[in-house]
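What follows is each chain in one-letter form.
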Amino acid sequence: MALELHKLSMEDNERDEQYLALHGILDIFQSLTKALIVKQPEKVYDFLIDELKTISQDKLGKQHVVFMMGGGDQRAGLCQRLAEEFGFQHIVAEQALKGAAAGGDTHAVAAALQTALKPLAEGAVVLLDGFPRNMKEALHFEIRTMPCRFAVHLEGAGEDADQTPVLAYYGAQQKLAAVGLGGNPDETYEELRQPFLQMLQGGSPVSNTSDRAAVDAAVKGIA
């Protein structure tokens, strides 16, 4: 009985850690604590409410960001082709991040991408080429910046094991469009165009359903 209770307690702790990581709770607490120490307001409750409003407003949420993953050397060319046809913004993550990602600091990564996104027009479709590279970057971007509209995985070239949980996560949410490479280039591009056409026509690029259990499984162990 004691062992069963201990196991349940460990499962509860793990679930709690996943929740904290998914929603950025620890980051929010750290931000609020720092603000309290620095400013030492007299009306603490009013101050905390205003700070939470500021944190919420700091999320951009004005563009339609699409994560572009996989594809190796072919990815940049396909992104550029989409940008030229539809007028999308094409941001190469490696160039936008520069040295921000060298130490694996997800805060620095998110800040660098926010800087790249801020000048863009409201409602712009942004192809984030080569991002995210791992699950922590994906979650931190969505928590601190904005949710991605959907993710594209160009299959068959440049596969990265660190992106496997990312693909599982967005696949579980029905927000992943998989496009196979290796065939006729024009046919590949036509397949790639389809989710974007659906989005521009006001529909869902992939699907509007999700598998909550699969999403939780994909996030497991990220905290």
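Residues numbered from 1 in each chain as written. Predicted model: local features only at pLDDT ≥ 70, side-chain atom pairs only at ≥ 80, totals over all residues. Heavy atoms only, no water.

K.L.:
For the environment of Pro185, give the residues involved together with the corresponding values.
P.N.:
In this structure, Pro185 sits in helix 9 (residues 185-200). Taking the C-alpha atoms as reference points, Pro185 and Leu78, separated by 107 residues in sequence, lie 9.5 Å from one another. (Helix = DSSP H or I, 4+ residues; strand = E, 2+ residues; numbered from the N terminus.)

K.L.:
For the pairing of strand 4 (residues 150-155), give the residues involved together with the corresponding values.
P.N.:
Along any regular strand, the residues point their side chains to alternate faces of the sheet. The element strand 4 is largely enclosed, with a buried count of five among its six residues. Relative to strand 4, strand 1 (residues 64-70) runs parallel, the two sharing four bridges. From the neighbouring strand, Phe67 faces strand 4, where its bridge partner is Ala151. Bridging between strand 4 and strand 5 (residues 176-180) involves five bridges; their strand directions are parallel. (Buried < 20%, exposed > 50% of the residue type's maximum accessible area, 1.4 Å probe, protein only. Pairing = 2+ DSSP bridges.)

K.L.:
Which residues make up the pattern of salt bridges, and what values do they have?
P.N.:
Enumeration over the complete set of coordinates arrives at five salt bridges. Measuring nitrogen to oxygen at the nearest pair gives 2.7 Å for the salt bridge that ties Glu85 to Arg193. Placement of the pair is Glu85 in helix 4 (residues 74-86) and Arg193 in helix 9, with a sequence separation of 108 residues. In this structure Glu85 comes out as partly exposed when scored by relative accessible area, which is 39%. (Salt bridge = Lys/Arg side-chain N within 4 Å of Asp/Glu carboxyl O.)

K.L.:
Which residues make up unusual backbone geometry, and what values go with them?
P.N.:
Here the residue pair Phe131 and Pro132 is connected by a cis peptide bond, since its omega of 0 degrees sits within 30 degrees of zero. Inspection of the secondary structure puts Pro132 in the loop between strand 3 (125-129) and helix 7 (135-144). Phi at Gln40 takes a positive value of approximately 45 degrees, unusual for a residue other than glycine. Within the element layout of this structure, Gln40 appears in the loop between helix 2 (25-39) and helix 3 (44-58). Positive phi values are uncommon outside glycine, yet Gln174 reaches one of about 60 degrees. Locating Gln174 in the fold gives a position in the loop between helix 8 (164-172) and strand 5. A relative accessible area of 32% places Gln174 in the partly exposed class.

K.L.:
Give me the packing of helix 6 (residues 106-117) against helix 7: which residues, what numbers.
P.N.:
Taken N-terminus to C-terminus, the directions of helix 6 and helix 7 make an angle of 55 degrees; their axes are 9 Å apart at the nearest point. Judged on the interaxial angle alone, helix 7 and helix 6 are oblique. Where helix 6 crosses over helix 7, the handedness of that crossing is right-handed. Of the residues in helix 7, those in contact with Thr106, His107, Val109, Ala110, Leu113, Gln114 and Leu117 of helix 6 are Lys136, Glu137, His140, Phe141 and Arg144. (Axes fitted to C-alpha atoms, helices over the stretch in contact; angles between N-to-C directions. Parallel < 35°, antiparallel > 145°, perpendicular 65-115°, else oblique. Left-handed = near helix turned anticlockwise from the far one by under 90°. Contact = heavy atoms within 4.5 Å.)

K.L.:
Requested: an account of the sheet that holds strand 2 (residues 89-92), with residues and values cited.
P.N.:
Within a sheet, adjacent strands bond to each other through the backbone by hydrogen bonds, running parallel or antiparallel. Sheet architecture is open: five strands sit in the order 2-3-1-4-5, paired in parallel fashion. With partners counted over all chains shown, the strands left at the sheet margins are strand 2 and strand 5, one partner each. Ignoring which end each strand starts from, the neighbouring axes of this sheet average 20 degrees apart. Looking at chain direction, strand 1 and strand 3 are connected through five bridges and run parallel.

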